[in-house]
Amino acid sequence: MRKFKTESKKLLDLMINSIYTNREIFLRELISNASDAEDKLYFKSLTDSSIQLGKNDLTIRVSFDADARTVTVSDNGLGMDKDGLDANLGVIAHSDSLEFKTAQAANAAGAADEAASAEDDEREESAQVSDVDIIGQFGVGFYSAFMVAKKVRVVTRKYGDEQAWVWESDGVEGYTIEPGEKEGHGTDVILYLKDNTDEESFDTFASEFGLKDLIKRYSNYVRYPIQMMCTKSRQKPKPEDAGDDYKPEWESYSELETINSMTPIWKRRKSEVSQDEYNEFYKSQFHDFTNPARTVSVHAEGAISYDVLLFIPGRAPFDLYSKDYQKGLELYSSNVLIMDKCEELVPDYYNFVRGVVDSQDLTLNISRETLQHNSQLRAIAHKVEKKITGELKKMRDNEREDYEKFFENFGRGLKYGIYSTYGSAKGELGELLLFYSAKQEKMVTLDEYIEAMPEDQKAIYYAAGESAERLQKMPMVTGVLRRGYDVLLCTQDVDDFCMQAMMNYNEKDLKNVAGGDLGLESESDKTAAEEATKEHEALFTAMKDALGDKVVRVAVSPVLTDAPAAITSEGPVSLEMEKIMAGMPDANGMPHSQRVLEVNAKHDVFKALASAQEAGDSQKVSDYTELLYEQALLMEGLPIDDPVAFAQRVCALMK
């Protein structure tokens with residue numbers, strides 16, 4: 001028994017129980033190692049004429065024995081001799097693959113110089129040698145096998161050697177290396193699965209379905225064929241003497257099948273892939289039954305080389321706005337799945353985007369399960385975000401109907417993105433927003449709203465509520481429309497929060513028509529309001545006393561034309577915000593809006609109030625004020641404090 005050449009027991013325990021959090025990735029690691037072994041032999045063949053080998057000759061084989069409870073991963077790659085076994089499997093965290101990659105990189109410059117004067121085929125070979133894409137870097141992936149195996153046996157024979165060697169270990173103290181027998185070069189890794197426990201079963205790893213599922217999920221795009229003997233069914237030939245009542249019989253048989261796809265669709269040229277192929281990939285990969293609304297393919301080379309394939313879904317998933325929804329793109333490194341959903345690759349407001357990012361230039365952590373926060377990842381994420389934004393702008397400008405359907409599905413998230421970033425994302429997202437125009441009677445962008453504004457209009461006006469039909473009838477909305485200004489009708493719960501976070505757009509302030517000071521009054525309007533306020537000062541004082549703390553003040557409205565009164569608000573909390581927050585679980589602690597009762601001094605109802613005040617009928621002034629206030633609340637869709645008292649006042653008025 002040879003001891004591991006490190007503090008073996010502690011480090012092995014770390015490898016098996018701490019670095020990897022998902023047991024099933026053991027197969028990904030072993031297949032990646034097998035792929036590296038194939039690469040090494042192939043690259044060696046390009047510079048060694050004695051190695052008669054084509055890339056198509058290299059395969060990876062996965063097999064199992066359910067009775068013996070073993071899983072075997074085999075390759076016909078470079079293989080190892082006795083010293084290689086001792087160096088690579090006897091020293092934890094020693095990576096022969098990394099050494100090979102480093103050596104090839106060091107020789108790349110010389111190979112390129114020689115290729116400059118070579119024939120075309122030699123130049124191609126030299127380029128292939130310098131373009132080494134070895135997966136393994138840390139030398140710990142092999143030890144993930146001990147997460148599922150109680151013993152691991154490695155049988156290997158180096159290319160060109162006659163002698164094979166066997167490495168064996170239980171992953172505790174050490175290992176043995178003995179001479180062995182193996183036909184042909186390459187390596188077999190045999191895992192003897194752990195015994196099942198009450199908490200965990202390992203039998204699925206010794207099954208055809210279980211292994212095929214892991215291969216397709218994690219190693220589907222490894223560049224070499226991954227083959228398995230698979231059980232299939234076929235109809236037996238009909239016997240010649242079979243009668244009319246013959247019923248077809250079926251038999252099972254085994255056939256060697258290539259499980260993985262090898263060439264990822266995102267690595268192929270866009271001109272070589274049809275939209276139907278993209279659609280089928282999207283639906284099968286991301287479990288959607290509808291075609292994507294948009295497909296974006298990017299191939300970038302430079303300081304960071306990567307391939308990106310993005311899909312904008314044609315419909316919103318049912319759980320998009322639930323707390324359980326998880327955003328992120330699939331992250332691959334050298335065609336090997338690293339993360340199912342890498343959240344760092346897309347901002348929250350683009351959480352609906354699905355897709356794949358593949359790069360061999362990323363700095364992975366030791367387990368390859370998560371990515372270290374680094375500049376490469378941030379750079380790719382920045383490019384992905386810009387690409388999504390650009391694609392949405394193209395859809396908005398060129399295919400408006402499609403874009404409006406997209407916005408119906410995902411617009412809420414874009415608005416929330418502006419609110420959640422305190423308005424800092426409005427430069428990225430502001431141009432993408434759509435709102436219903438009360439004047440134009442269609443969905444418009446903020447830029448389209450500004451373009452249609454009269455020259456004297458200085459702000460963008462909007463109203464927030466439950467429905468466009470109801471908002472169009474609101475007194476403050478009709479008042480603004482009568483002045484020739486458009487109003488955006490915002491009907492989603494996030495709209496008012498979004499608008500307040502933006503504050504302005506293209507140097508135009510965003511103003512809620514229920515927010516009080518709209519700056520719409522002319523000098524004559526101001527003068528008339530001041531005169532009415534001064535003339536009826538006692539009435540306004542009486543009205544404020546009747547309402548008490550329900551309002552901060554009662555004032556003359558410069559906007560109202562037909563309605564007798566309206567409720568507006570002062571301060572950061574609007575009426576719509578108050579309504580939304582009132583429906584939250586902890587509504588008791590939520591702030592309230594500072595309400596203002598604005599009255600139309602030209603309306604007959606106000607004249608009735610003034611008459612009652614002059615007659616000294618304080619009870620009528622109080623009742624009329626309450627009715628006016630509660631009527632305004634109902635028009636805003638806000639609840640009244642005492643519906644019974646309201647009904648009684650209405651009945652008394654009817655008498």
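First things first, this report covers the structure right here in the doc. This structure is a prediction, so every number in the text was calculated from the model and none was measured.

Focus: the overall build of the protein
Part 1 of the reasoning: The helix and strand inventory of the protein stands at 20 helices and 23 strands.
Part 2 of the reasoning: For the protein, buried positions account for 49% of its 655 residues.
Part 3 of the reasoning: Of the contacts made within the protein by residues no fewer than 6 positions apart, 70% connect residues no fewer than 24 positions apart.

Focus: the packing of aromatic side chains
Part 1 of the reasoning: One pass over the structure, following the stated rule, counts 26 aromatic pairs.
Part 2 of the reasoning: Considering the side-chain rings of Phe 281 and Phe 311, the 6.1 Å spacing of their centres and the 35 degrees angle between planes classify their relative orientation as tilted. You can see Phe 281 sitting in helix H7 (residues 275-286) and its partner Phe 311 sitting in strand E11 (residues 306-312), a full 30 residues away along the chain. In terms of burial, Phe 281 and Phe 311 fall into one category: buried.
Part 3 of the reasoning: Where Tyr 350 meets Phe 352, the ring centres are 6.1 Å apart and the plane angle is 80 degrees; that geometry is what we call edge-to-face.
Part 4 of the reasoning: Tyr 350 gets classed as buried once you look at its relative accessible area, which sits at 0%.
Part 5 of the reasoning: Here Phe 352 falls in the buried class, since its relative accessible area comes to 2%.
Part 6 of the reasoning: Each residue in the set Tyr 221, Trp 266, Phe 281, Tyr 282, Phe 286, Phe 311 and Tyr 332 is aromatic and connected to the rest through ring pairs, giving one cluster.
Part 7 of the reasoning: Between the NZ or CZ atom of Arg 234 and the centre of the ring of Tyr 253, over which it lies, the distance is 4.0 Å.
Part 8 of the reasoning: The ring of Tyr 321 has Arg 412 sitting right over it, with the charged end atom 5.6 Å from the ring centre.

Considering the packing of helix H16 (residues 537-547) against helix H18 (residues 604-614)
Relative orientation and spacing of two packed helices are given, respectively, by the angle between their axes and the distance between those axes.
Part 1 of the reasoning: It is the contact of H16 with H18, at a shortest axis distance of 10 Å, that shows an interaxial angle of 95 degrees. The pairing of H16 with H18 is recorded here as roughly perpendicular in orientation. In this structure, H16 contributes Ala 538, Leu 539, Phe 540, Ala 542 and Met 543 to the contact, and H18 contributes Phe 606, Leu 609, Ala 610 and Gln 613.
Part 2 of the reasoning: Considered class by class, the residues forming the contact of H16 with H18 number eight nonpolar, one polar and no charged.

Observations regarding the sheet that holds strand E22 (residues 565-570)
Part 1 of the reasoning: With respect to topology, three strands assemble into an open sheet ordered E21-E23-E22, the strand pairing being mixed. Both outer strands of the open sheet, strand E21 (553-556) and E22, are each paired with one neighbouring strand and no more. Averaged over all neighbouring strand pairs, the angle between strand axes comes to 35 degrees, with direction disregarded.
Part 2 of the reasoning: Of the pairings in the sheet, the one linking E21 to strand E23 (residues 594-599) comprises four bridges and is parallel in character. Of the residues in E23, the one forming a bridge with Val 554 is Leu 597.

Some points on unusual backbone geometry
Part 1 of the reasoning: One non-glycine residue, Glu 441, adopts positive backbone phi at about 55 degrees.
Part 2 of the reasoning: Tracing the backbone through its elements, the reader meets Glu 441 in the loop between strand E15 (435-437) and strand E16 (442-444).
Part 3 of the reasoning: Unusually for a residue other than glycine, Asn 506 sits at a positive phi of about 50 degrees.
Part 4 of the reasoning: Considering the arrangement of structural elements, one finds Asn 506 in the loop between strand E19 (504-505) and strand E20 (508-512).
Part 5 of the reasoning: For Asn 506, a relative accessible area of 48% gives the class partly exposed.

Quick word on the pairing of strand E4 (residues 149-157)
Part 1 of the reasoning: Relative to strand E7 (residues 186-193), E4 runs antiparallel, the two being bridged by eight bridges. Note that in E7 the partner of Arg 153 across the bridge is Ile 190.
Part 2 of the reasoning: Note: E4 against strand E5 (residues 164-169), five bridges, orientation antiparallel. Across the sheet, the residue bridging to Val 154 is Trp 167, located in E5.
Part 3 of the reasoning: The antiparallel hairpin formed by E4 and E5 contains six residues in its connecting segment, where Gly 160 sits at a positive phi of about 95 degrees.

Remarks on the pattern of salt bridges
Part 1 of the reasoning: Enumeration over the complete set of coordinates arrives at 38 salt bridges.
Part 2 of the reasoning: Here Glu 168 makes a salt bridge to Arg 153, at a shortest N to O gap of 2.7 Å. Here Arg 153 lies in strand E4 and Glu 168 lies in strand E5, a separation of 15 residues in the sequence.
Part 3 of the reasoning: According to the relative accessible area criterion, Glu 168 is partly exposed, its value standing at 23%.
Part 4 of the reasoning: Between Glu 570 and Arg 553 there is a salt bridge, and its shortest N-O distance comes to 2.7 Å. Of this pair, Glu 570 sits in strand E22 while Arg 553 sits in strand E21; the two residues are 17 residues apart in sequence, bridging distant segments of the chain.
Part 5 of the reasoning: A residue is classified by how much of its surface remains accessible, and Glu 570, at 28% relative accessible area, is partly exposed.
Part 6 of the reasoning: With relative accessibility at 40%, the residue Arg 553 sits in the partly exposed group.

Details of H16
Part 1 of the reasoning: Considered for burial, the residues of H16 that qualify are Leu 539, Phe 540, Met 543 and Leu 547. One face of H16 carries all of its buried residues, which in axial projection span an arc of 95 degrees. Counted as exposed and oriented over 90 degrees from the buried face of H16: Glu 537 and Asp 545.
Part 2 of the reasoning: Buried positions along H16 lie against helix H15 (523-535), E21, E23, H18 and helix H19 (618-635).
Part 3 of the reasoning: Phi turns positive one or two residues past the end of H16, at Gly 548, with a value near 60 degrees.

Comments concerning H18
Part 1 of the reasoning: Along H18, the residues classified as buried are Phe 606, Leu 609, Ala 610 and Ala 612. For H18, the angular spread of the buried residues around the axis is 160 degrees, confining them to a single face. Turned more than 90 degrees off the buried face of H18, the exposed positions are Asp 604 and Glu 614.
Part 2 of the reasoning: On the buried face of H18, the contacting elements are H16, E23 and H19.
Part 3 of the reasoning: Gly 616 sits one or two residues past H18 and shows a positive phi near 75 degrees.

Section: the side chain of Ser 45
Part 1 of the reasoning: In this structure, Ser 45 sits in helix H2 (residues 26-47).
Part 2 of the reasoning: Judged by its relative accessible area of 11%, Ser 45 falls in the buried class.
Part 3 of the reasoning: A polar contact is formed between the side chain of Ser 45 and the backbone oxygen of Tyr 42, at a distance of 2.5 Å.

Quick notes on the rules
Residues numbered from 1 in each chain as written. Predicted model: local features only at pLDDT ≥ 70, side-chain atom pairs only at ≥ 80, totals over all residues. Heavy atoms only, no water. Helix = DSSP H or I, 4+ residues; strand = E, 2+ residues; numbered from the N terminus. Buried < 20%, exposed > 50% of the residue type's maximum accessible area, 1.4 Å probe, protein only. Contact = heavy atoms within 4.5 Å. Phe/Tyr/Trp six-rings, centres within 6.5 Å; stacked < 30°, edge-to-face > 60°. Lys NZ or Arg CZ within 6 Å of the ring centre and 35° of its normal. Axes fitted to C-alpha atoms, helices over the stretch in contact; angles between N-to-C directions. Parallel < 35°, antiparallel > 145°, perpendicular 65-115°, else oblique. Nonpolar A, V, L, I, M, F, W, Y, C, P; charged D, E, K, R; others polar. Pairing = 2+ DSSP bridges. Salt bridge = Lys/Arg side-chain N within 4 Å of Asp/Glu carboxyl O. Arc of directions from axis to C-beta. Polar contact = N/O pair within 3.5 Å; in protein donor to acceptor, adjacent residues only side chain to side chain.

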